[in-house]
Amino acid sequence: MLSIQKQILEKLGICSDLSLLRAVLDGIPPRRDSKLLIKDLKVDEVPLRIYQPKWPPTGKRRGILYFHGGAGTFGSIRTFERICRYIAKKCDSVVVSVGYRLAPEHPYPGQYFDCLNATLYFMRNLEEYHVDPALIIISGDSCGANFATVICQILLNKRDLPKVRAQVLLYPGLQGLDFHLPSYQQNASVPMLFRKLVIYFCFRYLNKEPSVLEDVLQNCHVPESMKQKYKKWISADIIPDEFKIRGYVPQKSISYKPEVHEAIKEILAITFSPLLAEDSIICQLPESYIVTCEFDVLRDDGLLYKKRLEDNGIQVTWYHSESGFHGILAFFGYGIFSFLSGKKIMDSTVNYINSL
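The shown structure was predicted, so the numbers you read here are calculated from the model rather than taken from an experiment.

**Q** Residues and numbers for the overall build of the protein chain, please.
**A** Within the protein chain, the secondary structure is distributed over 13 helices and eight strands. In terms of overall dimensions, the protein chain is globule-like: its C-alpha atoms have a radius of gyration of 20 Å, near the 21 Å expected for 356 residues. Dimensions along the principal axes, computed over C-alpha positions, put the protein chain at roughly 60 × 55 × 40 Å. A sequence separation of at least 24 residues applies to 78% of the contacts in the protein chain between residues at least 6 apart. Taken together, the 43 basic and 38 acidic charged side chains of the protein chain have centroids lying 4 Å from each other.

Written out as C-alpha cells, the structure is:
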C-alpha cells in the first residue's frame, strides 16, 4: 500500500520516495539539554553539529566523529540527535555529528569527501574543543559505519594528523560482492532493511534506475575472477556455523552478466566495499568496536570484517545483539517506541568508549 501511495504522489508531482522517506525519518527534535553546549557550523558547505559537555573537563576530552546511517540518501543530524547527545554526556566527550550531503542530489562519492573534510577540520582544530589528539574516535551506523571505515583507511596516508584511536562501527554495510550470505538469506524479509531494499538503495544512491535489481540479487554483477580473488575474505564458508542455524542454502552456480556489472560496477570499488581493502591497509587500522544484529541482512558484513581485522592483528571488541535488527538505533531515546536491545547496544558502545 505504501508503495502504491508513493507512486501516486510521484505521478502527481507532490513528492518522491526519498523526500517522503526523509520527512518521515527526520526525527522529532528533543528538548534543550542544559548539560550540553551544542553548536552548529558549516565546513565546506557541510553542516556539523558539535556537542560538548558544559561541566569543566578534568583533562582533555575524547573527540568522536559520528556519521549517520541512511543509505547515503536519507537521514540527518537531527535523526541521530539523541544518540550523539547520549554519547557526549555518558562519555564526557566532544561529539561531532556530520550532516554529509545526500545522494542523488549530491552525487556519489561526494558523501565520502564530505565526511573526510569534516574529519580533517576537526582533527586540525582539536585545541579549540579541548580534545586529546590521542583520543580521536571515528564512528557511524549502517552506511555511516561504511564511511567511517573508509575514512579510517584514507587517514592512514595523512601522516601530519593525529592517529585515530579507534573506529566504532554499528551494524556496518561493507561490501557489494555477495548478496547471498547467510544473513541476507535469513533476514531477506525482516524489517527495517529488506534484502531487495539494500540493492534498491544502492541504485538510488548511485542515481541509477534499478532495472537489473534481480540480477544483482543473484550476484550476476560479479566477474568470476573477482569472486575467486575475494572468496578468502567474503564467503559463507568463513561465517561461523552458529550463524547458519536459522537457515542457509549455498547459492547455485550463476552466470556472470557483463551488462549487469557495467550498470552497478561502483559497488565493487574499494570505496563502496572497504571489506575488499588489501591486508597492507587492514593491518594498519586502529583498534575497532563492531556491533552486529542477528536480524539484519548486513550482519555478516560485520562478522567478516571482524575476522579480517583480527587476522591482521587488530584488536576487536564485538557486541552481538541477539534480538536486534537493522536501524534499531533510529528509535533510541523515543520512550515507549524505543527497544531494550537498542539501549543495550548504546550502553555497550558507551562502555567501550569509556574504556579507551
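**Q** With reference to specific residues and values, describe the UniProt feature "domain: Alpha/beta hydrolase fold-3" (unreviewed entry) in the protein chain.
**A** When the UniProt feature table is mapped to this numbering, "domain: Alpha/beta hydrolase fold-3" (unreviewed entry) covers residues 64–208 and 271–329. The annotated region residues 64–208 carries 37% helix and 18% strand content, and the separation between its end C-alpha atoms amounts to 34 Å.

**Q** Explain the side chain of Thr 119 to me, using residue names and the numbers behind them.
**A** The topology assignment puts Thr 119 in helix H4 (residues 110–123). Looking at Thr 119, the relative accessible area reads 0%, which means it is buried. When near neighbours in sequence (up to four residues on either side) are disregarded, Thr 119 contacts Leu 65, Phe 67, Ile 138, Ile 151 and Leu 155.

**Q** Talk me through unusual backbone geometry; I want residue IDs and the actual numbers.
**A** Look at the link from Ala 103 to Pro 104: it is a cis peptide, with omega at 0°. Positionally, Pro 104 belongs in the loop between strand E4 (93–98) and H4. A cis amide bond links Tyr 108 to the next residue, Pro 109, at an omega of 5°. On the secondary structure map, Pro 109 appears in the loop between E4 and H4. For Asp 92, which is not a glycine, the phi torsion comes out positive at approximately 45°.

**Q** Lay out the packing of aromatic side chains with the relevant residues and their values.
**A** In total, this model carries 18 aromatic pairs according to the counting rule given. Residues Phe 325 and Phe 339 carry aromatic rings whose centres are separated by 5.1 Å and whose planes lie at 85° to one another, so their mutual orientation is edge-to-face. Within this pair, whereas Phe 325 is found in strand E8 (residues 316–325), its partner Phe 339 is found in the loop between E8 and helix H13 (340–355), the two being separated by 14 residues in sequence. Its relative accessible area of 14% is what places Phe 325 among the buried residues. An aromatic cluster is defined as three or more aromatic residues linked by ring pairs; in this entry it consists of Tyr 100, Tyr 108, Tyr 112, Phe 147, Tyr 205 and Phe 272. Lying across the ring of Tyr 334, Arg 82 places its NZ or CZ 4.0 Å from the centre. One cation-aromatic arrangement involves Arg 308 over Trp 233; the distance from NZ or CZ to the ring centre is 3.6 Å.

**Q** I'd love a proper account of the UniProt feature "active site" (unreviewed entry) in the protein chain, names of residues and values included.
**A** Using the residue numbers shown here, the UniProt feature "active site" (unreviewed entry) corresponds to Ser 142, Asp 296 and His 326. A maximum C-alpha distance of 10.5 Å among these annotated residues, which run over 185 residues, shows that they cluster at one spot. Tracing the chain through its elements places Ser 142 in the loop between strand E5 (131–141) and helix H5 (143–155). We classify Ser 142 as buried; its relative accessible area is 11%. Relative to the assigned elements, Asp 296 resides in the loop between strand E7 (287–295) and helix H12 (299–311). You can call Asp 296 buried: its relative accessible area is 1%. If we skip the residues at most four places from it in the chain, Asp 296 touches Tyr 171, Ser 183, Asn 187 and His 326.

Rules of the game
- All residue numbers refer to positions counted from 1 along the written sequence of the respective chain.
- Local features in this predicted model are restricted to residues whose pLDDT is 70 or higher, and side-chain atom pairs enter the listing and the counts only when it is 80 or higher, whereas totals over whole chains, interfaces and linings include all residues.
- Side-chain metrics in this entry use all non-hydrogen atoms of the structure; hydrogen atoms and water are not considered.
- Secondary structure is summarised from DSSP: a helix means a run of H or I of at least four residues, a strand means a run of E of at least two, and numbering begins at the N terminus for each.
- Within these notes, the globule rule equals 2.2 Å times the number of residues to the 0.38 power, and the radius of gyration is based on C-alpha atoms.
- Two residues form a contact once any of their heavy atoms are found within 4.5 Å.
- All tallies of charge rest on Lys and Arg as positive and Asp and Glu as negative; His and the ends of each chain are not included.
- For this purpose, a charge sits on NZ of Lys, CZ of Arg, CG of Asp or CD of Glu.
- UniProt positions are given in the numbering used here, feature names are shortened, and annotations may be inferred rather than shown by experiment.
- Residue exposure (1.4 Å probe, protein chains only): buried if accessible area is under 20% of the type maximum, exposed if over 50%, otherwise partly exposed.
- In this scheme Phe, Tyr and Trp rings, the latter by its six-membered ring, pair at centre separations within 6.5 Å, and the angle between planes marks the pair as stacked below 30 degrees, edge-to-face above 60, and tilted otherwise.
- A ring is considered to have a charge above it if a Lys NZ or an Arg CZ atom is located within 6 Å of its centre and within 35 degrees of its normal.

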